[in-house]
Each structure stands twice: as C-alpha cells, then as structure tokens.
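Observations on the model geometry
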Amino acid sequence: MFDLSKHPYFEKYTDEKSGVESYILKERVAELQMHFYFAQPSVTSDGKYLWVVCSNPPAKYRTLALVCLDPENPSIKHFPNAFPVDMPCLTHNEDGVYFGMGSAVYKLTMTGELTKVIEIDPEFIHHRPLTRLFTDASISCDGKYIVLDMEIACKTYVALGDLETGEVKLLNKFARRYNHAAFSTTKPNLLLIDQDWWRDTQSGEYFPIDNRIWLMNTEGTMFKPLQPESFSGRDGAETSHDYWSGDGWLCWSDYFLGAHECNTDTGEINRVWKRPICHSHASFDRRMFVGDQTPYTWRTTPCQTLFYDRETNKEIEIYSSLPCPTSGRDYYHCDPHPQFCAGDSMIVSTTTVIGGRCDVSITPVEPLLEKCRKYGSVVIERPTEGPDHSSWVDDIKIMKFRDMP
C-alpha cells in the first residue's frame with residue numbers, strides 16, 4: 001500500500017491504548033463519509049483508489065466519491081448524480097462500481113460516466129412499492145451477473161441480472177424477508193442469502209429468524225439452510241453477518257461465540273476467533289480476522305475495532321473506544337464494518353474518533369501482525385455451555401435487543 005503518512009488528504013491517528021496507527025480521510029465532500037459494506041471491498045486490488053459513500057444528515061440519501069490513494073497524485077471526485085439506495089460493489093475489471101437507484105442497476109465509472117445496465121420491468125413491479133433491488137451489490141466471480149434480492153411489497157424476489165444484456169432471470173420468491181444475497185468468490189453458480197427478521201406492514205407484527213444462512217444455486221435446483229439444526233437466536237447462538245472469503249469459504253460472525261468458517265463442499269465448520277464479535281471479516285486465506293464489538297450497544301458503551309491473528313491466537317485493538325456517531329447509527333448504518341482490502345495489505349473501516357463524526361479509516365496490516373507477536377492479548381475461549389455461558393449470553397442479548405427496531 002502507499003505511504004499514507006505522505007498523503008495530504010489523510011491524517012495519522014494513534015490509538016491511546018494499543019498504539020495502533022491508522023490514517024483518517026480528512027478531505028471532505030460530505031459531512032458523513034464511509035466505506036462500503038464490509039462484504040465488498042472499497043479499495044481497488046492495486047490499492048490505488050478508494051470509493052467513499054457520502055451523506056449529509058439529516059438528508060436521507062447517499063452519493064459516491066472516489067479518492068486516489070497515491071500521495072504523488074492525490075485527488076477526490078464527488079459524483080452527486082450517483083444516488084445508491086444500498087451498498088455498491090466494484091465492477092469485475094474495477095473500472096467503476098455498480099449500484100441500485102430506483103428500479104435500475106447503474107454502472108458509474110471512475111471518470112463519472114453513468115450508464116443504466118439493468119432495469120426491472122414495470123409490469124413485474126405492478127405498481128407495488130419497491131424497497132430495494134439488492135442489499136449489498138454482489139457480482140459473480142466471472143463478472144457476468146449481479147444478484148438481486150428485491151423487496152417488493154413485503155415479499156422477496158431473488159433474481160440474476162445479466163450485466164451485458166440487461167436480462168433478468170427470476171430464481172425464487174418468498175413471502176418473507178431474505179437479503180444480503182452474495183455470490184461465491186470461487187463458484188459462479190453458488191450464492192448465499194440470509195433470512196432476516198421482518199414486520200408485517202399492516203399489523204406491525206414481528207417475525208423472527210429461523211435459520212439465518214441459506215445456500216442456493218443459479219440453476220434454481222438447490223435452496224437449503226447451511227445449518228438445519230441451528231434455530232437462530234433461540235439455541236444460545238446468533239449466527240449473523242456472513243460473507244465469502246477470498247478462497248471461497250463461507251464465513252460468519254456469531255454474536256456470542258465468535259468468527260466461524262465453513263467449507264461448503266465438505267461441510268467442515270471451524271470456530272476460529274473465539275470471542276463475542278458483531279461484524280467480522282477474514283483475509284484471503286483466513287489467517288487474519290478483523291471485527292467490531294459492538295455497535296448494538298453504542299448508545300451506552302463505546303464500540304471497538306479489533307484485529308485477530310490466527311497463528312498466534314492474539315488480538316489487538318485498532319480502535320479501543322469509538323464514540324457513538326453524532327449522526328445516529330440506524331439510518332446511515334455507520335457501524336465500523338472493518339474489511340481487508342488491496343491484497344490484505346490494509347484494513348478499511350468507518351471510525352468516529354474525531355468528535356463522533358463518521359470518517360473513513362485505513363490501517364496498515366503488517367504493523368498489526370508485529371504487535372500481535374510482541375504483546376497482543378491472548379484470546380481466551382468463551383464457554384459454549386454451562387452457567388458462565390448463560391450469563392454473558394443473556395447480557396449481550398439484553399443489550400442487542402434494546403436497539404431492535
């Protein structure tokens with residue numbers, strides 16, 4: 001990665017407790033600046049460009065900006081004509097991003113060219129309210145398709161959008177909420193999709209999750225829960241926040257038990273980072289993990305951003321005490337959402353250390369590994385059963401559900 005200490009758009013921040021150094025984007029085109037959702041990289045693989053999601057509270061809309069990370073050629077471009085409803089993703093050749101706006105998928109290039117690539121047939125929508133096209137944009141590893149998990153009138157329609165022809169193929173439909181559909185990073189026909197809680201739009205009645213993570217294929221011949229025996233939220237565990245690692249393993253956080261990985265070919269599941277964690281993300285080979293703990297209690301307790309080295313079983317705090325965002329957490333979804341980017345050379349996250357303002361942070365990875373080797377905290381495995389387990393699980397559940405809409 002570039003030496004951001006020489007970049008005029010970034011300022012160095014050193015965590016008072018851990019001594020970890022990060023670089024915060026200080027050049028602004030909006031009051032609130034964040035990176036993409038953690039499951040999709042915000043930085044191009046060569047480490048040269050950073051995409052930023054922008055908002056100006058209390059306005060309820062987002063725009064996009066592009067930052068050049070080369071300190072010899074600094075630039076920031078704002079694209080006010082890009083209005084992503086949900087989180088974008090990089091294009092296959094990384095010359096721009098895809099995002100959803102209204103009933104269409106658009107491509108925005110680095111030069112600002114905006115092109116409509118897919119539009120949903122108005123007859124299919126049939127005058128019903130379209131809440132979203134996708135939760136976080138995800139394209140197949142061969143670059144041919146984008147997956148749509150459309151929410152229309154409290155129903156979910158899962159479809160494939162052909163990025164070349166614009167054709168839309170319906171795969172499945174549900175009379176409840178499924179979201180966060182994402183293509184495997186190694187298999188172009190394999191998808192994960194999450195079951196989510198939802199409320200009936202007429203009665204307001206709340207419906208909980210049964211099984212969180214489901215697998216489906218693009219042929220429409222497979223749809224099954226990853227762990228049929230796991231009854232989410234009611235068996236002492238809370239499977240959530242999943243993604244595909246770079247080498248094709250399905251990974252997720254359990255709020256109480258920590259970060260997990262699964263080989264979907266063999267069914268092998270490993271509990272890797274054995275501590276309560278909210279969002280987590282793995283390096284390409286799953287040696288390193290990064291996570292936040294926990295934005296669900298931000299109203300009363302500062303949040304942390306943590307790094308874990310699997311080889312030494314040690315963790316270190318990137319940000320030991322993040323204040324609650326001044327913009328509020330809910331609408332803008334400004335959780336830290338840390339992610340590995342640019343060949344795992346950097347961690348990109350959202351930070352609030354500067355007066356509670358949402359800023360983009362970049363943390364070099366190599367110094368974190370060195371700190372873990374020297375003095376990181378050894379991770380003590382949390383119990384999975386017994387009185388001790390029950391007490392801390394209950395405490396976390398109380399804090400989590402206090403913030404539930």
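Computed from a prediction, not measured in an experiment: that's the story for all the values here.

Observations regarding unusual backbone geometry
- Residue Pro 57 is joined to Pro 58 through a cis peptide bond whose omega torsion reads 5°.
- Note on placement: Pro 58 falls in the loop between strand 4 (49–55) and strand 5 (63–68).
- The residue after Gln 293, namely Thr 294, is reached through a cis peptide bond having omega -20°.
- If you trace the backbone, Thr 294 turns up in the loop between strand 26 (288–293) and strand 27 (303–309).
- Here the phi dihedral of His 241 falls at roughly 45°; this positive angle occurs in a residue that is not glycine.
- Positionally, His 241 belongs in strand 21 (residues 239–244).

Remarks on helix 2 (residues 366–375)
- The set of residues buried in helix 2 consists of Leu 368, Leu 369, Lys 371 and Cys 372. Taken end-on, helix 2 shows its buried residues confined to a sector of 165°, consistent with a single buried face. Exposed and oriented more than 90 degrees from the buried face of helix 2 are Glu 366 and Lys 374.
- Along its buried surface, helix 2 packs onto strand 26, strand 27, strand 28 (314–322), strand 30 (346–351) and strand 31 (359–364).

A closer look at the pairing of strand 24 (residues 269–273)
- Across 4 bridges, strand 23 (residues 258–262) lies against strand 24 in antiparallel orientation. Along strand 24, the bridge assignment pairs Glu 261 with Asn 270.
- In sequence, strand 23 turns back onto strand 24 through a hairpin of 6 residues, with Gly 267 there showing a positive phi of about 85°.

A few points about the nonpolar core
- Ranked by size, the top nonpolar core spans 35 residues in total, and within it Trp 51, Leu 64, Val 97, Phe 99, Leu 108, Trp 273 and Phe 289 carry the most contacts.
- Of all elements in the fold, only strand 3 (32–34), strand 4, strand 5, strand 8 (96–101), strand 9 (104–109), strand 24 and strand 27 reach the threshold of two or more residues within this core.
- With near-sequence residues (within four places) excluded, Leu 108 lies in contact with Trp 51, Leu 64, Phe 79, Ala 82, Gly 96, Val 97, Phe 99, Glu 113 and Leu 114.
- In terms of nonpolar packing, the next biggest core, distinct from the first, is built from 19 residues, Ala 30, Leu 50, Cys 341 and Ile 362 among them.

Reading guide: rules and limits
- Residues numbered from 1 in each chain as written.
- Predicted model: local features only at pLDDT ≥ 70, side-chain atom pairs only at ≥ 80, totals over all residues.
- Heavy atoms only, no water.
- Helix = DSSP H or I, 4+ residues; strand = E, 2+ residues; numbered from the N terminus.
- Buried < 20%, exposed > 50% of the residue type's maximum accessible area, 1.4 Å probe, protein only.
- Arc of directions from axis to C-beta.
- Contact = heavy atoms within 4.5 Å.
- Pairing = 2+ DSSP bridges.
- Core = buried A, V, L, I, M, F, W, Y, C linked by side-chain atoms within 4.5 Å.

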